[in-house]
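# Coordinate inspection notes
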Amino acid sequence: MSNITAAEVNKLRTTTGAGMMDCKKALVEAEGDFELAIEILRKKGQKVAANRSDRESTEGAVIAVVNGDNTAGVVVSLNCETDFVGKNEGFVKLANDFANLALNFSDKDAFLAADFGGITVAEKLIEQTGVIGEKIEIGSFERLEGAFVNSYIHAGNGIATLVALSANVEGGAEAARNVAMQAAAMAPIALDEAGVDAATIEKEIEIAKDMLRTEGKPEAMIENIAKGKLGRFFKDNTLVNQDYIKDSSMSVAAYIKSVDSGLTVTGFKRAALG
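Each chain has its residues counted from 1, running along the sequence as written. Confidence filtering applies because this is a predicted model: local features only for residues at pLDDT of at least 70, side-chain atom pairs given and counted only at 80 or more, and all residues used for totals across whole chains, interfaces and linings. The basis for every side-chain value is the complete set of heavy atoms in the structure, and neither hydrogens nor water enter the calculation.

Here we take up the sheet that holds strand β10 (residues 265–272). In spatial order, the strands read β6-β7-β10; together these three strands make up an open sheet with antiparallel pairing. Every other strand in the sheet has two partners, leaving β6 (148–153) and β10 as the edge strands with one partner each. Geometrically, the sheet is characterised by an average inter-axis angle of 15° between neighbouring strands, direction not taken into account. Any two residues whose heavy atoms approach within 4.5 Å at even a single point are treated as in contact. In this analysis an axis means a line fitted to C-alpha atoms, helices contributing only their contacting stretch, and an angle means the value between N-to-C directions, from 0 to 180 degrees. Strands are runs of DSSP state E lasting at least 2 residues, helices are runs of H or I lasting at least 4, and numbering of each runs from the N terminus. Of the strands in this sheet, β6, β7 (159–165) and β10 are in contact with helix α8 (residues 172–186), which crosses β6 at around 45°. Following DSSP output, two strands are said to pair if at least two bridges run between them.

Here it is in structure tokens:
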């Protein structure tokens, strides 16, 4: 058996994030071969991942980042099994590292195949599953581009959002962040009426019809009244039509126009745990 030094153990721990005892055992098994010890730890991660594949990973950290010129951003969630792990400083740092890397990719599959310190992101997830002992995976991956993009991460990293504006104007950074906070708080289902799919609209009409029948409204009037109720649904559930949370006397669209008369919200992305 090789004599394993504390320095070698610490080097392996720094490289992999694994615990001291796991690193020492891997080095002993590898007879001091550093690369083989890394491989042993990764295989351990694969075994843990296989054993925990059916577990729910609804905790974690959701991170939003924007590029240097505010023309693109991503929201990425790194999911785990417990709140305890999700709030760990090292876990949150890993989530941030992943999000910053994700800025370079347009979709989740390309991101998972990307290099992360000599291994792919997907392999790093398996490695960390072995280190932490919980199922670790990328949940949400959302990308948004626009003339001006800003982000918001809610305290605790449970919700993160991106908002795109039609132009980069004075006051636009604050406005975009305020609307991103709105999207985080109010969870709109679409940007505007046009973004709501037909199936959702039909479902809401049927719900309204059922309620009207319960209220005893004449059948001949129900169709038109139900369609009329869609206006309220759009106001409550589409971002630009919602009441602005910092001033309910105006809609989000009106708030944005108060910043610049030609300014509009062109898109948003929202991701949340659970």
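This part covers the packing of aromatic side chains. Between 30 and 60 degrees the pair is tilted, below 30 it is stacked and above 60 it is edge-to-face, where a pair is any two Phe, Tyr or Trp rings, Trp via its six-membered ring, whose centres lie within 6.5 Å. All chains considered together, the criterion is met by five aromatic pairs. An angle of 85° between the planes, with centres 6.0 Å apart, marks the rings of F98 and F111 as edge-to-face. Taken together, the residues span a long stretch of sequence, with F98 in helix α5 (residues 89–102) and F111 in helix α6 (residues 108–112) at a distance of 13 residues. The same class applies to F98 and to F111, which are both buried. Both rings, one in F111 and one in F141, keep their centres 5.7 Å apart while their planes meet at 35°; by these two values the pair is tilted. Of this pair, F111 sits in helix α6 while F141 sits in strand β5 (residues 137–145), and the two are 30 residues apart along the sequence. Think of it in three bands: with a 1.4 Å probe and only protein chains considered, a residue is buried below 20% of the maximum accessible area for its type, exposed above 50%, and partly exposed in between. Residue F141 is classed as buried on the basis of its relative accessible area of 12%. An aromatic cluster is built from F98, F111, F116 and F141, whose rings are joined through pairwise contacts. Put simply, a charge is over a ring when the Lys NZ or the Arg CZ is close to the ring centre, within 6 Å, and near the line of the ring normal, within 35 degrees. We note K11 situated over the ring of F34; from NZ or CZ to the ring centre the distance is 4.4 Å.

This brings us to the pairing of strand β2 (residues 72–80). The element β2 is largely enclosed, with a buried count of nine among its nine residues. Pairing between strand β1 (residues 59–66) and β2: eight bridges, direction antiparallel. Note on β2: the bridge partner recorded for A61 is L78. Here β1 hands over to β2 after five residues, with N70 in that stretch at a positive phi of 55°. As paired strands, β2 and β5 are joined by seven bridges and run antiparallel to one another. Within β5, the position partnered with A72 by the bridge is E145.

These figures capture arrangement, not role.
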